[in-house]
Amino acid sequence: MPNPPIACSLDPASLAARRAGLLGDVLRRAASRDPLADGFRFTFAPSSDTLALITRAIDAERQCCRFLTFHLTVEADLGEFALDLTGPSGTREFLSDLLD
């Protein structure tokens, strides 16, 4: 099966609403954003509310940005969360444009 294109399937109005709502909420909670070769890593302070928000965002984004790979790490002993958003070449640039 060929790789899906590096694109979001949301129309402009829906994308703007997602950025202002769900994605904005997740990004505001991120303690850090670090570039990876093929995307970004976001870290979060441990909170059940934040974890629920992250999983909602993953479910929403996997449906419209089908090229993305999501890797969520929850550290032991109630430690921080790390979310890696990665994909094929060009993903980091796409995410930079989307999230800035």
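Residues numbered from 1 in each chain as written. Predicted model: local features only at pLDDT ≥ 70, side-chain atom pairs only at ≥ 80, totals over all residues. Heavy atoms only, no water.

Colleague: How should the side chain of aspartate 84 be read in this particular structure?
Modeller: Residue placement: aspartate 84 occurs in strand 4 (residues 81-86). For aspartate 84, a relative accessible area of 11% translates into the label buried. Residues in contact with aspartate 84, not counting those within four places in the same chain, are Leu36, Phe40, Arg41, Thr69, Phe70 and His71. (Helix = DSSP H or I, 4+ residues; strand = E, 2+ residues; numbered from the N terminus. Buried < 20%, exposed > 50% of the residue type's maximum accessible area, 1.4 Å probe, protein only. Contact = heavy atoms within 4.5 Å.)

Colleague: Teacher, can you tell me more about the pattern of salt bridges here?
Modeller: Opposite charge on two side chains allows them to pair when their charged atoms are near. Applying the stated rule across the entire model yields five salt bridges. Across the pair aspartate 84 and arginine 41 runs a salt bridge whose closest N-O atoms are separated by 2.7 Å. With aspartate 84 in strand 4 and arginine 41 in strand 2 (residues 39-44), this pair connects stretches of sequence that are 43 residues apart. (Salt bridge = Lys/Arg side-chain N within 4 Å of Asp/Glu carboxyl O.)

Colleague: What am I meant to see in the nonpolar core here?
Modeller: One broad trend across soluble globular proteins is that nonpolar side chains are buried collectively. Ranked by internal contacts, the top residues of the largest apolar core, which has 24 residues, are Phe44, Cys65, Phe94, Leu95 and Leu98. Contributing elements (two or more residues each) for this core: helix 2 (22-29), strand 2, helix 3 (48-64), strand 4 and helix 4 (91-99). The element best represented in this core is helix 3, accounting for six residues. When neighbours within four sequence positions are excluded, leucine 95 is seen to be in contact with Gly39, Phe40, Leu68 and Leu85. (Core = buried A, V, L, I, M, F, W, Y, C linked by side-chain atoms within 4.5 Å.)

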